[in-house]
Amino acid sequence: TVGYNSFFKAIYAANLVIDNFKDADTPVKKNAVAEAKVLRSLSYLQLAIGWGTPPIVDGLLEPAAMPKNSESQEYVLNWCINECIEALPDLDERKGPNDAAGSAYATKGFADAVIGKCYLFLEDYGNAKKYLGDVISSGKYALVPGEQYADLFHAEGDGCSEKVFETNID
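All figures in this text were calculated on a predicted structure; none of them were measured in a lab.

## Structural notes on the side chain of R40
Point 1. Inspection of the secondary structure assignment puts R40 in helix α2 (residues 27-51).
Point 2. At 2.5 Å, the side chain of R40 forms a polar contact with the side chain of N15.
Point 3. Discounting chain neighbours no more than four positions away, the residues touching R40 are I11, A14, N15, I18, V57, D58, G59, W79 and E83.

## A closer look at the packing of aromatic side chains
Point 1. With the rule as written, the count across this model stands at eight aromatic pairs.
Point 2. Plain terms: the ring middles of F7 and W51 are 6.4 Å apart, the flat faces sit at 70° to each other, and that makes the pair edge-to-face. Residue F7 is located in helix α1 (residues 2-20), and its partner W51 is located in helix α2; the two are separated by 44 residues in the primary sequence.
Point 3. When its relative accessible area of 24% is taken as the criterion, F7 is described as partly exposed.
Point 4. According to the relative accessible area criterion, W51 is partly exposed, its value standing at 40%.
Point 5. Ring centres 6.0 Å apart and planes at 90° place the aromatic pair F8 and Y44 in the edge-to-face group. A residue pair is termed long-range when its members are at least 10 positions apart, and F8 in helix α1 and Y44 in helix α2 qualify at 36 residues. Each member of the pair, F8 as well as Y44, is classed as buried.
Point 6. Sitting above the plane of the Y131 ring, K130 keeps its charged end 4.6 Å from the centroid.

## Looking at helix α5 (residues 125-137)
Point 1. An ideal rise of 1.5 Å per residue puts 18 Å on 13 residues; α5 measures up with 17 Å between its terminal C-alpha atoms.
Point 2. Turning to α5, the residues buried within the fold contact α3 (73-87) and α4 (108-121).
Point 3. Positive backbone phi, at 75°, marks G139, one or two positions downstream of α5.

Calculation criteria
- Residues numbered from 1 in each chain as written.
- Predicted model: local features only at pLDDT ≥ 70, side-chain atom pairs only at ≥ 80, totals over all residues.
- Heavy atoms only, no water.
- Helix = DSSP H or I, 4+ residues; strand = E, 2+ residues; numbered from the N terminus.
- Polar contact = N/O pair within 3.5 Å; in protein donor to acceptor, adjacent residues only side chain to side chain.
- Contact = heavy atoms within 4.5 Å.
- Phe/Tyr/Trp six-rings, centres within 6.5 Å; stacked < 30°, edge-to-face > 60°.
- Buried < 20%, exposed > 50% of the residue type's maximum accessible area, 1.4 Å probe, protein only.
- Lys NZ or Arg CZ within 6 Å of the ring centre and 35° of its normal.
- Expected span 1.5 Å × (residues − 1).

Encoded structure:
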């Protein structure tokens, strides 16, 4: 399907960054690799939710490669958690609820949200509460007032305090 293929296109793009900067020697390169790992994990989370056991492709493939499906959805979700935890030290943080630009890249808060959602699907509610609670208690995000709720899914709401991560699709 189109969705499945789109997630693997995003994974391929992330793998290009990760493979080309595997010997990251500057904070900028380390941040690029960390962001790519979190975005790749988001794609795998969505694949695990929708398709269960997608093959983990964590690098560039040779033309004849034939990746096999993962052993379980649990394996995929735990892989995503580990990737995000590994990325955390090299990610930037959103500066605060009014940092609109902070919702446009993979931050520590976004990685925590991906980890928390993985734990929700694993039914590990204690860890889900911890990571999602870290996002809430960080003070970097806030719910919008009720009168602005309708703006959340329109241009007026782009980068608002409630957005942990926001993509634009053309």
